[in-house]
Amino acid sequence: MESLVEYGYIGLFIGAFLAATVIPFSSDALMVALLAVGGDPFVCVTVATLGNWLGGLSSYGLGYLGKWSWIEKYLKVKEETLVKQKKRVDKYGASLAFFSWLPGIGDVLALALGFYKVSFKKSAVFMLIGKGARFVMWAVLFYYVKPLFQ
């Protein structure tokens, strides 16, 4: 069982990383499953947070590499739309990265922050806090709910 949990940490890291990219995947379910088979809560939260954070930073990096002309040409988004979205991103800045853990829009937020060249350091810090809080919440919920099923 011990090696299963050790491999589980590696799987959790990879799954959390992939879940923070454009690949739809539930790192939450992976972490809860690992907790259910005896994973250490501190290690699970740390591994899931780091994997998800690094995945989010890779999405930021992809956005950073993007060019307005590509978005217009390949995604058929007009320049006016990009300017309008930039105003929204500028209004909230790096604090938007806190919400990069949200399903559906989180990946888009990370990409947009990179695309609009919002401060990497500030975005990284807010992203780490948001993603960490998410996994702490799941660990706490797991331990409150677990006794109900025993």
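Fair warning: this is a prediction, and the values are worked out from it, not measured in the lab. (Residues numbered from 1 in each chain as written. Predicted model: local features only at pLDDT ≥ 70, side-chain atom pairs only at ≥ 80, totals over all residues. Heavy atoms only, no water.)

Draft legend 1. Structural view of the pattern of salt bridges. In this structure the tally under the stated criterion is two salt bridges. With its nearest N and O atoms 2.7 Å apart, the salt bridge here joins Arg 134 to Asp 28. Taken as a pair, Arg 134 in helix H7 (residues 120-145) and Asp 28 in helix H2 (residues 27-36) lie far apart in primary sequence, 106 residues in all. Look at Asp 28 and you get buried, because its relative accessible area is 16%. (Salt bridge = Lys/Arg side-chain N within 4 Å of Asp/Glu carboxyl O. Helix = DSSP H or I, 4+ residues; strand = E, 2+ residues; numbered from the N terminus. Buried < 20%, exposed > 50% of the residue type's maximum accessible area, 1.4 Å probe, protein only.)

Draft legend 2. Examining unusual backbone geometry more closely. The backbone of Lys 117 shows a phi angle near 55°, a positive value even though the residue is not glycine. Overall, Lys 117 belongs to the partly exposed group, its relative accessible area being 42%.

Draft legend 3. Structural context of the nonpolar core. Counting 18 residues, the largest nonpolar core has Val 89, Leu 113, Tyr 116, Val 118 and Met 127 as its most contacted members. If you list the elements that add at least two residues to this core, you get helix H3 (41-65), helix H5 (79-92), helix H6 (106-115) and H7. Sort the elements by how many residues they give to this core and H6 lands first, with five residues. (Core = buried A, V, L, I, M, F, W, Y, C linked by side-chain atoms within 4.5 Å.)

Draft legend 4. Looking closely at a nonpolar patch on the surface. Taken together, the side chains of Tyr 7, Ile 10, Phe 13, Ile 14, Leu 18, Val 22, Ile 23, Phe 25, Leu 30, Leu 50, Leu 54 and Leu 128 present a nonpolar region at the surface, about 1,100 Å² in accessible area. For the nonpolar patch, the secondary-structure elements that each account for two or more residues are helix H1 (2-19) and H3. With respect to the helices and strands, Leu 128 occurs in helix H7. Note on Leu 128: relative accessible area 32%, which makes it partly exposed. (Patch = residues over 30% accessible without salt bridge, like charges linked within 9 Å, V, L, I, M, F, W, Y side chains within 5 Å. Areas by Shrake-Rupley, 256 points an atom, 1.4 Å probe, with all protein chains shown as cover.)

Draft legend 5. Local environment of the packing of aromatic side chains. Enumeration according to the criterion identifies five aromatic pairs in this entry. On the basis of an interplanar angle of 65° and a centroid distance of 5.3 Å, the ring pair of Tyr 60 and Phe 120 is categorised as edge-to-face. Of this pair, Tyr 60 sits in helix H3 while Phe 120 is found in helix H7, placing the two residues 60 residues apart along the sequence. With a centroid separation of 4.9 Å and 90° between ring planes, the pair formed by Phe 142 and Tyr 143 is classed as edge-to-face. The exposure class assigned to Tyr 143 is partly exposed, which follows from its relative accessible area of 34%. Geometry around Tyr 64 places Lys 117 over its ring, the cationic atom sitting 4.4 Å from the centre. (Phe/Tyr/Trp six-rings, centres within 6.5 Å; stacked < 30°, edge-to-face > 60°. Lys NZ or Arg CZ within 6 Å of the ring centre and 35° of its normal.)

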